[in-house]
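Residue-level listing of the chains:
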Amino acid sequence: MEVLAIAKQNNDVLINDQITFPEVMVIGPNGEKMGIKNINDAQTLAKYAGLDLVLLNADPKNPVCKIIDYNKYRYEKQKQIKEAKKKQREQNLEVKEYRLSVTIDVGDFETKLRNAKAYLEKGHKIKVAVRFKGRQLAHPELGKNVIMRFAEKLNDVAEIESMPKMEGRSMQLLLTPKK
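Values in this document were obtained by computation on a predicted structure and should not be read as measured data.

A look at the overall build of the protein
- Along the protein, the regular secondary structure elements total four helices and eight strands.
- Listing every helix and strand of the protein by position from the N terminus yields β-β-α-β-β-α-β-α-β-α-β-β.
- Computed over the C-alpha atoms, the radius of gyration of the protein is 30 Å, more than 25% above the 16 Å expected from 2.2 N^0.38 for a compact globule of 179 residues.
- Principal-axis analysis of the C-alpha atoms places the extent of the protein at approximately 85 × 50 × 25 Å.
- Burial status across the protein gives 31% buried among its 179 residues.
- When the 33 positive and 24 negative side-chain charges of the protein are each reduced to one mean point, those points stand 6 Å apart.

The following block contains the structure:
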């Protein structure tokens, strides 16, 4: 026994003849409520206006339809979805951590600086951390100098989001890309 299933896209809404409710609440093209109408009357009103009857709320007790241009409605929905995804991407930017030491050499410092600059130019945030070992913990100002020198070299592409602060044995600073 073979079963035939017709797949329906989730984002599609029912329009015109696809609506099977006997009576629907109709909203006009300008947003005015036209009351509860027979489905045939509602479709006639939509055809008379040269627009589509679109089912907005498929609640069996209270189905709501609006007389609008379906293509414009679909375009606006896609635009809203695209905008929401864009905002979500902006919030999910990665934070990359660059670990420096109090006694970092010039070559290592410049390499990490170049990598951080490239990462900032992509629009991501970076965290700069200096880990103190042994007696270095007695002189946190040395670590702060290294971090601030790193931030100053990047000030053309980044701005400081939070100033350096001690957390346990390390000092951290957060940089965000300039807009």
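A short note on the environment of A158
- Among the structural elements, A158 can be located in strand 7 (residues 158-167).
- Owing to a relative accessible area of 6%, A158 belongs among the buried residues under this scheme.
- Setting aside residues no more than four positions away along its own chain, A158 makes contact with L120, L175, T176, P177 and K178.

Definitions and cut-offs
- Residues numbered from 1 in each chain as written.
- Predicted model: local features only at pLDDT ≥ 70, side-chain atom pairs only at ≥ 80, totals over all residues.
- Heavy atoms only, no water.
- Helix = DSSP H or I, 4+ residues; strand = E, 2+ residues; numbered from the N terminus.
- Rg over C-alpha atoms; globule rule 2.2 N^0.38 Å.
- Buried < 20%, exposed > 50% of the residue type's maximum accessible area, 1.4 Å probe, protein only.
- Lys, Arg positive; Asp, Glu negative; His and termini not counted.
- Charge placed at Lys NZ, Arg CZ, Asp CG, Glu CD.
- Contact = heavy atoms within 4.5 Å.

Coordinates in, geometry out; function isn't part of it.
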